[in-house]
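Reading the structure
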Amino acid sequence: MKQLQEIVRTHILKLRSEITPLYNHLLGHSKHIFLNSNESPYNKPYNRYPDPLQARLKAEISKIKAVPVEKILLTNGEDEAIDLCYRLFCEPNIDNVVSIAPTYIMYKERAAINNVEYRAVPLENNYLLSANKLLKVCDKNTKIIWLCSPNNPTGNNLIIEEIEQLLAVFKGIVVIDEAYSDFSKYPVFRHRLEEYPNLIVLNTFSNVWGCAGISLGMAFANENIISLFNKIKLPYNISMLTQNKALEILSRRFDIEDWLKILLLERNRVMRSFAELPFCERVYPSDANFFLAKVDNAESVYSFLLSKGIVVYMEKQCTNSLRITIGTKSENNELIGALRQFK
């Protein structure tokens, strides 16, 4: 890896964060009157700005994710973490990023918004990763390689050895989006931050934790990268309500484990049932809470399900393919029942 100062946008290194030093300055002091932030003295506790560093919440996440607090960034949805990566590392109209295809569309969309060239490299047969193919399109201005494992929309884990090759050879930042890793038995890369200083791992509360409505994302990286993220993120990006709801759901570990077991059983059942449908050409293996299926006419199947009040995702990155999220048992039964009526 290059030195971090060679990868980060030059002007970012010169910035000074106002909120974090002030907040740290107050730590360790006894305080009972707050007259420093132009807040209202009424309507407690919501009259106060939320903790800008989310100390209590990070402490709980640290226990569950087995990552030190200083290596955790919390974001307003995982998409904010994606955008922060562009803002931190990529000089508009000069730098570029490399990613796989198909994959999560937000990497490409945020590249366009930040005026950064996006280079997509098609996955191999069965949607497998080739590190050499990605490395061939990198140049001196390539700042980030984007990976998603398990991948969205294909559902499969990328080959670990290929990811390791990228981490070892590429001199810039490798971001691995592990949003769906809780549904997989593969080892996670967030536990290898010490081994790879150029690694950033993304995660979210939206999936296994059942909290898409609070839009809370996580990024794990070495403390120097996290410190730079804290410098450029919005100071109060995570509301008090979001922090409190996240703490509540983190206390319900046994519920989450039960949900996960049920979802994995349902995933296998629905995939088997879908594979038996006459118009289904292939169901791809999945390590996520969804699966990708190739059908005779994706648009017709999609429209038919919509007429029955069932919404799935027509995956335009993959020819004649549908992406199906696993729902409750009754929802899944209704889906399969409707599909068996399709002609």
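Remember, predicted model here, so these are calculated numbers, not experimental data.

With 51 residues, the main nonpolar core has Ile 61, Leu 129, Leu 134, Ile 145, Leu 147 and Phe 205 as its most contacted residues. Both domain 1 (4-252) and domain 2 (253-340) contribute no fewer than three residues apiece to this core. Once you skip the residues sitting within four places of it in the chain, Ile 61 turns out to touch Ala 66, Ile 72, Leu 74, Phe 205, Met 218, Phe 220 and Leu 250. By size, the runner-up hydrophobic cluster in this structure holds 33 residues, among which are Cys 85, Met 106, Ala 111 and Val 175.

Now for the pattern of salt bridges. Within the structure shown, the criterion is met by 16 salt bridges. With a shortest N-O distance of 3.0 Å, Asp 83 and Arg 110 are connected by a salt bridge. Placement of the pair is Asp 83 in helix α5 (residues 78-89) and Arg 110 in helix α6 (residues 106-113), with a sequence separation of 27 residues. Via salt bridges that share partners, Asp 83, Arg 87 and Arg 110 belong to a single interconnected network.

Its 12 residues give α5 an end-to-end C-alpha distance of 17 Å, which sits within 8% of 16 Å, the value for a rise of 1.5 Å per residue. Taken across its 12 residues, α5 has 10 buried, putting it largely inside the fold. Of all the residues in α5, the buried ones are Glu 78, Glu 80, Ala 81, Ile 82, Asp 83, Leu 84, Cys 85, Tyr 86, Leu 88 and Phe 89.

Conventions adopted
- Residues numbered from 1 in each chain as written.
- Predicted model: local features only at pLDDT ≥ 70, side-chain atom pairs only at ≥ 80, totals over all residues.
- Heavy atoms only, no water.
- Core = buried A, V, L, I, M, F, W, Y, C linked by side-chain atoms within 4.5 Å.
- Buried < 20%, exposed > 50% of the residue type's maximum accessible area, 1.4 Å probe, protein only.
- Domains from an automatic or database assignment.
- Contact = heavy atoms within 4.5 Å.
- Salt bridge = Lys/Arg side-chain N within 4 Å of Asp/Glu carboxyl O.
- Helix = DSSP H or I, 4+ residues; strand = E, 2+ residues; numbered from the N terminus.
- Expected span 1.5 Å × (residues − 1).

As far as function goes, none of this settles anything; it's purely spatial.
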